[in-house]
Structures are given as structure tokens and as C-alpha cells.
Amino acid sequence: FNDGGGGGGGGTNSTAAGASAKKDGGSGMYAGFLCALDGHRLYGWRTSTRVKIVISVKDDIPPTDVENENARDLHIQKVLKNIHASYVEFVLNPFSNTHGMIRSKKFHRRMEYFVKATS
């Protein structure tokens, strides 16, 4: 997991797929479904500090199953919000090295938990 973000705000609220991002009521923007790629669907989240979080989910719901697709979308939004909260907790820790790769065992355990919750 690489920070890759800079400081500052501004910019537009659009995704690479051209869909509008949705405010989650907190400090992030849920970009939602970005694109399909090799049997997976990519979903995105952008923080107010321009950190971008992208997750890949196996595309196993038929396009005609709108109810399950909407339920998965809500679940993915919650997972991305939790990932963002974990990231913020890591960055706000004064003992964290916030340059480059995140090497926190606690952070990685949380990410593994979110991956299992999404599968």
C-alpha cells in the first residue's frame, strides 16, 4: 500500500470512468465502480488530501441482478470507508513513518480483515 498522495484540496469530483464521486458524509469521496478488468470490478475512493484507494472485487454478479449489485456497492463503500479510517489512524500516529510503503503490522492485519470481509 503506497500513500502516493500529496497535500492540498481542490480538483474535480470525477472518476476515471467519468462517473461523479459521492460524498460519504465524512472526509472522503466514494467514486464507486470505476471499470471492469479481467473478470474483476474496480471501485475507488478519494480522500480530501488526494489519496486514492482502489480495490478489486471478483465480478461474479450478473449485470441483470441489480438488487445484489446495489447491495455489493453499499458493502464496498463501507469497506473503502473503513480502509480510509485505518489509513488516517496510521498517518496520525506520530511514530508512523509516513514516507513510502506502509510497514505497520496492525495496518496490514486490518487490510487482510477487509479483504476477507469482501470475498
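Up top is the structure.
Let me begin by describing the structure that accompanies this report.

Once that is clear, we can look at the packing of aromatic side chains. Throughout the structure, instances matching the rule amount to four aromatic pairs. Geometrically, the ring pair formed by Phe 33 and Tyr 43 is edge-to-face, given 6.0 Å between the ring centres and 70° between the ring planes. Of this pair, Phe 33 sits in strand β2 (residues 28-37) while Tyr 43 sits in strand β3 (residues 40-47), and the two are 10 residues apart along the sequence. Relative accessible area serves as the criterion here: at 31%, Phe 33 is assigned to the partly exposed category. A relative accessible area of 0% means that Tyr 43 is categorised as buried.

Turning to the nonpolar core, a few remarks are in order. If you look at the biggest cluster of nonpolar residues, it comprises 17 residues, and the most contacted ones within it are Tyr 30, Tyr 43, Ile 55, Ile 76, Leu 80, Ile 83 and Phe 107. Elements supplying a minimum of two residues to this core: β3, β4 (52-58), α1 (66-92) and α2 (105-118). A total of six residues in this core trace back to one element, the largest contributor, which is α1. Apart from the residues within four sequence positions on either side, Ile 83 is in contact with Ile 53, Ile 55, Met 111 and Phe 114.

What counts as what
- Residues numbered from 1 in each chain as written.
- Predicted model: local features only at pLDDT ≥ 70, side-chain atom pairs only at ≥ 80, totals over all residues.
- Heavy atoms only, no water.
- Phe/Tyr/Trp six-rings, centres within 6.5 Å; stacked < 30°, edge-to-face > 60°.
- Helix = DSSP H or I, 4+ residues; strand = E, 2+ residues; numbered from the N terminus.
- Buried < 20%, exposed > 50% of the residue type's maximum accessible area, 1.4 Å probe, protein only.
- Core = buried A, V, L, I, M, F, W, Y, C linked by side-chain atoms within 4.5 Å.
- Contact = heavy atoms within 4.5 Å.

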